[in-house]
Each structure stands twice: as structure tokens, then as C-alpha cells.
Amino acid sequence: MKTLAASVAALLMPLCAFAEGSANAVPKGAPGTGQIVSWLFSTCVIVAIIFVLAYIVKKTRLRAVGGGHCRILSQIPLGPKERAAEIVIAGRHLIVGVTSQQITLLADLGTDGREFAAKLSSQTKALNTDETQKGESDDKR
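**Q** Is there a simple way to explain the sheet that holds strand 1 (residues 70-77) in this structure?
**A** In sheet architecture, strand pairing relies on hydrogen bonds along the backbone and comes in two forms, parallel and antiparallel. Taken in spatial order, the four strands of this open sheet run 1-2-3-4, and their pairing is antiparallel. The open sheet has two edge strands with one neighbour each: strand 1 and strand 4 (103-110). Taken pair by pair, the neighbouring strands of this sheet meet at an average axis angle of 20°, ignoring direction.

**Q** Where do I start with the side chain of His93 in this structure?
**A** Residue placement: His93 occurs in strand 3 (residues 92-98). A polar side-chain atom of His93 sits 3.3 Å from a polar atom in the side chain of Glu86.

**Q** I'm lost on a positive patch on the surface in this one. Help?
**A** The grouping of Lys58, Lys59, Arg61 and Arg83 at the surface amounts to a positive patch. Position of Arg83 among the secondary structure elements: in strand 2 (residues 83-89).

**Q** Looking at this model, I keep getting lost on the pattern of salt bridges. Mind explaining?
**A** Side-chain pairing between opposite charges can occur once the charged atoms of the two side chains come close. If you walk through the whole model with that rule in mind, you get one salt bridge. Where Asp108 meets Arg92, a salt bridge forms, and the shortest distance between an N and an O atom there is 2.8 Å. Linking Asp108 in strand 4 with Arg92 in strand 3, this pair joins segments that are 16 residues apart in sequence. Using a relative accessible area of 41% as the deciding quantity, one classes Asp108 as partly exposed.

**Q** Is there a simple way to explain helix 2 (residues 33-60) in this structure?
**A** Every α-helix winds through 3.6 residues per turn, so residues three or four apart in the chain are directed the same way. The end-to-end C-alpha separation of helix 2 is 40 Å, in line with the 40 Å expected for 28 residues at 1.5 Å each. Phi turns positive one or two residues past the end of helix 2, at Arg61, with a value near 45°.

Thresholds, definitions, all that
- Residues numbered from 1 in each chain as written.
- Predicted model: local features only at pLDDT ≥ 70, side-chain atom pairs only at ≥ 80, totals over all residues.
- Heavy atoms only, no water.
- Pairing = 2+ DSSP bridges.
- Helix = DSSP H or I, 4+ residues; strand = E, 2+ residues; numbered from the N terminus.
- Axes fitted to C-alpha atoms, helices over the stretch in contact; angles between N-to-C directions.
- Polar contact = N/O pair within 3.5 Å; in protein donor to acceptor, adjacent residues only side chain to side chain.
- Patch = residues over 30% accessible without salt bridge, like charges linked within 9 Å, V, L, I, M, F, W, Y side chains within 5 Å.
- Areas by Shrake-Rupley, 256 points an atom, 1.4 Å probe, with all protein chains shown as cover.
- Salt bridge = Lys/Arg side-chain N within 4 Å of Asp/Glu carboxyl O.
- Lys, Arg positive; Asp, Glu negative; His and termini not counted.
- Charge placed at Lys NZ, Arg CZ, Asp CG, Glu CD.
- Buried < 20%, exposed > 50% of the residue type's maximum accessible area, 1.4 Å probe, protein only.
- Expected span 1.5 Å × (residues − 1).

These figures capture arrangement, not role.
What follows is the structure in C-alpha cells.
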């Protein structure tokens, strides 16, 4: 916001300097009020176009069209600047942790998620079985 105010002030300086002189002391060939207003308007339009284009590029994140070797399937935020993402690179499903400083491989799911789903299911069943047996032994005491 400060840079915007400084830019506007820099654009208005020639207009203020012109206004300080008296109307009778305007040298021959000096720009008239109409020319200054025209210059000011066109400068503002150019600055506005620059800001609009910067906003569009930031929001659309224009990317080069690639061969489609890398895709983000899903992601979940874990904090303000951290997230976990499931990506596919060259046909391999990977789970990665992404922070502002690094990207860490958390799991390799193989060529499809079936291997991971099978492992997860077996681990979940084993964990539930262990908890159930522990709960039953606590009840017997």
C-alpha cells in the first residue's frame, strides 16, 4: 500500500510543480491543463493495467503445458504452510509432505493404491484385534 501511495505521489509531482507557478507566468510552450490531465489519465490507466495483469497471473498461475507426467490427486492441509499430498509421477502413486522449505517422501504406494490399501487394511485389523484382546484381558481382572 505504501508503494502505491509513493507511486501516486511521484505521478502527481509534476502537476503540483506546475500549479505552484502563477497562471500569468506560464512560459510559452508549457503544457496546458488539458495536456496534464490527459497525461495523468493515461499514466493511471497504464498502472491499472499492470496491476490487473499481475493479479490475473497470480490467480491463474499460468503453467507451461507439460506431458502430464506429474499430477496432484489430493492434498490435505496440516498447518498454515504444511500439507500432505498424494501425487502421481510416471505412474507411481506417492504420498509427500510439503512445507515451505522442503518436500519429503512419506510413502510409495506403488503403481496404484491397491497395495497401500491392502497394507492399511491388514494393519488396521491387527491393531483392532490387539486392542480387543487387551480390553478383554482387562475385563477379566
